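# Inside the fold
Here is what each chain is made of, one letter per residue.
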Amino acid sequence: MKKTENYSLKNVFGRAMAIAVPMMIQNGITNAVGLVDNVMVGSLGSEAITAVSIVGQLIFVFNLGIFGGLSGPAIYGAQYFGQKNIEGFRDTVRIKHWIGLAVLLAGLAAFIFGGGFLINLYLKGESEEIDPELTMRIAKQYLGIMLWGLPPFVITQIFAGSLRETGSAVKPMIAGVVSVVVDIVGNWLLIYGNLNFPKMEARGAALATVIARFAELIVLIILMYSKKKKHEFLSGLYKRLTIPRETAGKLIGKSLPIFFNEFLWAAGIAILTQIYSQKGIEIVAGLNISNALCNLLNVVFVALGSAVGIIVGQALGASEYLRAKKEAFALMWFTGGISALLTVILIAFSEVFPNAYETSEAVKNYASEFIVVTALFFPVQGFLNALYFTLRSGGKTLVTFLFDSVYSWVVGVPVAAALCAFTDIPVLYVYAIVQALDLVKVAIGCILINKGVWVSNIVEKQ
C-alpha cells in the first residue's frame, strides 16, 4: 500500500465535479430534449405519448444493456489509466467494440422479430380513453425508425466512456450538445411539418432522434482525432482488434455480471411498468410524464456516481487504498446531500409540469402523484447510486449484480406483482412501497462498504 498520510480531501469534490459537471450538462441537455420531445409528442394525444413511452421503455433496456456491457472494461480502463498503462487501456477500448457489436446484434434481433409482442404486453390494461390498436400502430412505426439510431449510439458510448475514463469529459459533452440542437430542430420540423417539411408526428420525433445520434457520433470523432496526441490510446488502436486471451478473459469476466445486472435491472423497470399498467393503460402515460421530469434532475446523482467510480478506480489502480476509502465515503454523502435538494425542486413542479401535456386529467393526476413519490426517494437513489459505483470500482461486479438487479427481481418485482394482482391497493401506494424497498439495499450496501470488500487493485499484476 502506498503512503497517503499527506492526502487531503479538500480537492476531492472539485475533482468529482470536474468529471461530473460536463456529464450533467450533456445528459441534462439530452434529457431536456427528451422532455421537449415528450411535450411535443404529448400534443398529439394520449395514444401517441403512450406509444412513445412504451417504445422508450424497450429502448431503455437496450441502452442499459450497452452501458452494462461496456462498464466491465471501463473498470479496468480507469485503473489502467491510473497505472499509466496505455496499451492495457487500448485493450479495454478494443474489447468494447466486440461487446458493443454483440449487444447491438442481439438488440436488433429482439426488436425486429419480437417488437410487436413486447409492445402488446403494455396494452393489456383497460382504458376508456386510449385506443389500444392506434397505440400499437404508432408504437410499431416509432420503433421501426428508432432502430436506425442504435448503431451510432453504441459507437458513441464506446468512445465517450473511454474519454471519461481518462478524465476527459468535455468532448462528449460538446458532441451531446450538438446532438441536442439537431434533435430539437428536427422535432420542430418533422413532428409538425414546419417550413414545408413533411408532417410525420410521432415518426418525425423518431427520425429527428436518429439524425441527432449520427450528428453526435460525427462530432465526437472529429473532436477526438483533432487532439489525437493528447489521447494516446487512439494511436495504434486499430492496428489490431484482437485482445490477449488472458486479458480478454478477465475483461469479459468482469463485464458479464455488469451486463446482466444493467440488462436485468432495466428489464425489471420495464416489467414494473407493465405490472402497473394492468391497473389502467393511462398509468403508462402518467409514468412517462413523471420520468421525463425526474430524469432531467437525476442526471446529477447519476453523473456523480460515475465520477465516484472513475476517481476511486484511479486511486485503486495506483494502489492508494486509504485515499480511495476517504474519497468514496466523502463522495457518497456528498451525492446523497445534493439529491435531497433535488427533492424540493421536483415537488415544486409536480403540479405544474403535467399541465404542459394535452392529455386526459387522469393521466395528468397520475403523473403529478408519481413525481411526488419519486422525489421523496431521490436522496435514497442518490446515495444508493454512489454505493453501487464504489463497490464496482474495485471489480466486485458479482457483488453488485446480487446487490442490484437480483434484489430487484427477487424482491421488487414479486412484491409489485402480488400487490397489483391480489389487492385493491391504489397503484400510487404500490409504487411507493416498491421505492421504499430500496432502503434495504442501502443498509446492505453500507455494510459492504464499511467492510472494505471492494478495495482491490485488479491491474496490479498486469
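Residues numbered from 1 in each chain as written. Predicted model: local features only at pLDDT ≥ 70, side-chain atom pairs only at ≥ 80, totals over all residues. Heavy atoms only, no water.

For the protein, the count of helices and strands is 15 helices and zero strands. Counting only C-alpha atoms and orienting by the principal axes, one finds that the protein spans roughly 65 × 50 × 40 Å. Counting over 462 residues, the protein shows a buried share of 57%. Looking at the protein as shown, the accessible area adds up to about 19,200 Å², and 66% of this sits on carbon and sulfur atoms. A distance of 17 Å separates the average location of the 35 positive side-chain charges in the protein from that of its 28 negative side-chain charges. (Helix = DSSP H or I, 4+ residues; strand = E, 2+ residues; numbered from the N terminus. Buried < 20%, exposed > 50% of the residue type's maximum accessible area, 1.4 Å probe, protein only. Areas by Shrake-Rupley, 256 points an atom, 1.4 Å probe, with all protein chains shown as cover. Lys, Arg positive; Asp, Glu negative; His and termini not counted. Charge placed at Lys NZ, Arg CZ, Asp CG, Glu CD.)

Our focus in this paragraph is the side chain of Asn385. Position of Asn385 relative to the elements: it lies in helix H12 (residues 378-393). The buried category is assigned to Asn385, whose relative accessible area is 16%.

In this section: the pattern of salt bridges. For the coordinates displayed, the defined rule picks out eight salt bridges. For Arg90, the salt bridge goes to Glu87, with nearest N and O atoms at 2.7 Å. A residue pair is termed a helical-turn pair when its members lie 3 or 4 positions apart in one helix, as Arg90 and Glu87 do in helix H3 (residues 86-120) at three residues. Exposure remark for Glu87: the relative accessible area of 33% places this residue in the partly exposed category. Note that Arg94 is salt-bridged to Glu87, the shortest N-O span being 2.9 Å. Of the residues examined, Arg94 reaches a relative accessible area of 2% and is grouped as buried. Taken together, the shared-partner salt bridges connect Glu87, Arg90, Asp91, Arg94 and Arg240 into one network. (Salt bridge = Lys/Arg side-chain N within 4 Å of Asp/Glu carboxyl O.)

What follows covers helix H2 (residues 46-83). Residues separated by three or four positions in an α-helix point in the same direction, a consequence of the helix having 3.6 residues per turn. A rise of 1.5 Å per residue sets the reference length of H2, with its 38 residues, at 56 Å; its end C-alpha atoms lie 53 Å apart and thus fit the reference within 8%. At Gly72, H2 shows its maximal bend, which comes to roughly 35°, and the proline Pro73 appears one to four places after that position. Taking burial as the measure, the 38 residues of H2 include 32 buried ones, the bulk of the element. In the stretch just after H2, Lys84 is the one whose phi turns positive, near 65°. (Expected span 1.5 Å × (residues − 1). Bend = angle between axes of the 7 residues up to and from the residue.)

What follows covers the environment of Thr374. When you line up the elements, Thr374 lands in helix H11 (residues 361-376). Setting aside anything within four residues of it in sequence, one finds Thr374 in contact with Ser290, Cys294 and Tyr431. Within the structure, Thr374 has its side chain in polar contact with the backbone oxygen of Phe370 (distance 2.8 Å). (Contact = heavy atoms within 4.5 Å. Polar contact = N/O pair within 3.5 Å; in protein donor to acceptor, adjacent residues only side chain to side chain.)

Our focus in this paragraph is the packing of aromatic side chains. For the structure on display, the rule yields seven aromatic pairs. Judged by centre distance (5.4 Å) and plane angle (85°), the rings of Tyr388 and Phe389 are edge-to-face. Judged by relative accessible area, which is 5%, Tyr388 ranks as buried. On the accessibility criterion, Phe389 (6% relative accessible area) is buried. Clustering of aromatic rings is evident, with ring pairs tying together Tyr276, Tyr366, Phe370 and Tyr431. (Phe/Tyr/Trp six-rings, centres within 6.5 Å; stacked < 30°, edge-to-face > 60°.)

The biggest cluster of nonpolar side chains holds 67 residues, and the ones touching the most others in it are Tyr276, Leu346 and Trp454. Among the elements that take part in this core, helix H9 (residues 282-317) stands out by supplying 20 residues, more than any other. In contact with Leu346, other than residues within four places in its own chain, are Leu293, Cys294, Leu297, Ile371, Ala375 and Phe378. (Core = buried A, V, L, I, M, F, W, Y, C linked by side-chain atoms within 4.5 Å.)

For the rest of this paragraph, the subject is the confidence of the model for the protein. Regions with low pLDDT should not have their predicted coordinates read in detail. When pLDDT is averaged along the protein, the result is 83, and 93% of the positions lie at 70 or above. For the protein, helix H1 (residues 12-42) is the element with the lowest average pLDDT, namely 73, and helix H14 (residues 427-436) is the one with the highest, namely 93. Segment residues 1-7 is flagged for pLDDT under 50; beyond a separation of four residues in sequence, or across chains, it makes 13 contacts in the model. (pLDDT = per-residue confidence, 0-100.)

In this section: unusual backbone geometry. With a phi close to 55°, Leu195 is a non-glycine residue in the positive phi region. Mapped onto the elements of the fold, Leu195 is located in the loop between helix H6 (170-190) and helix H7 (202-226). The exposed category is assigned to Leu195, whose relative accessible area is 62%. The phi dihedral of Asn196 is positive, around 65°, even though this residue is not glycine. Within the secondary structure, Asn196 is located in the loop between H6 and H7.

A word on the packing of H9 against helix H10 (residues 321-349). Interaxial distance between H9 and H10 falls to 10 Å at its minimum, and their mutual angle equals 175°. As far as their axial angle goes, H10 and H9 are roughly antiparallel. Its residues assigned to classes, the contact of H9 with H10 comprises 21 nonpolar, two polar and two charged. (Axes fitted to C-alpha atoms, helices over the stretch in contact; angles between N-to-C directions. Parallel < 35°, antiparallel > 145°, perpendicular 65-115°, else oblique. Nonpolar A, V, L, I, M, F, W, Y, C, P; charged D, E, K, R; others polar.)

Next up on the list: a nonpolar patch on the surface. Nonpolar side chains collect at one region of the surface, where Trp98, Leu101, Leu105, Ile221, Tyr225, Tyr238 and Leu241 lie side by side and expose about 660 Å² of accessible area between them. Breaking the nonpolar patch down by element, the ones donating at least two residues are H3 and H7. Here the nonpolar patch takes three residues from H3, the largest share from any one element. When you line up the elements, Leu105 lands in helix H3. Taking the relative accessible area as the measure of exposure, Leu105 reaches 53% and is therefore exposed. (Patch = residues over 30% accessible without salt bridge, like charges linked within 9 Å, V, L, I, M, F, W, Y side chains within 5 Å.)

Now for the environment of Leu428. Its location among the elements puts Leu428 in helix H14. On a C-alpha basis, the gap between Leu428 and Phe370 in space is 6.9 Å, while along the polypeptide they are 58 residues apart. Once you skip the residues sitting within four places of it in the chain, Leu428 turns out to touch Glu369, Phe370 and Val373.

The next thing to look at is the environment of Ile191. Tracing the backbone through its elements, the reader meets Ile191 in the loop between H6 and H7. Look at Ile191 and you get buried, because its relative accessible area is 0%. Residues Ile191 and Ser53, spaced 138 residues apart in sequence, show a C-alpha to C-alpha distance of 16 Å. Residues in contact with Ile191, not counting those within four places in the same chain, are Met40, Val41, Leu44, Gly186, Lys199, Met200, Glu201, Gly204 and Ala205.

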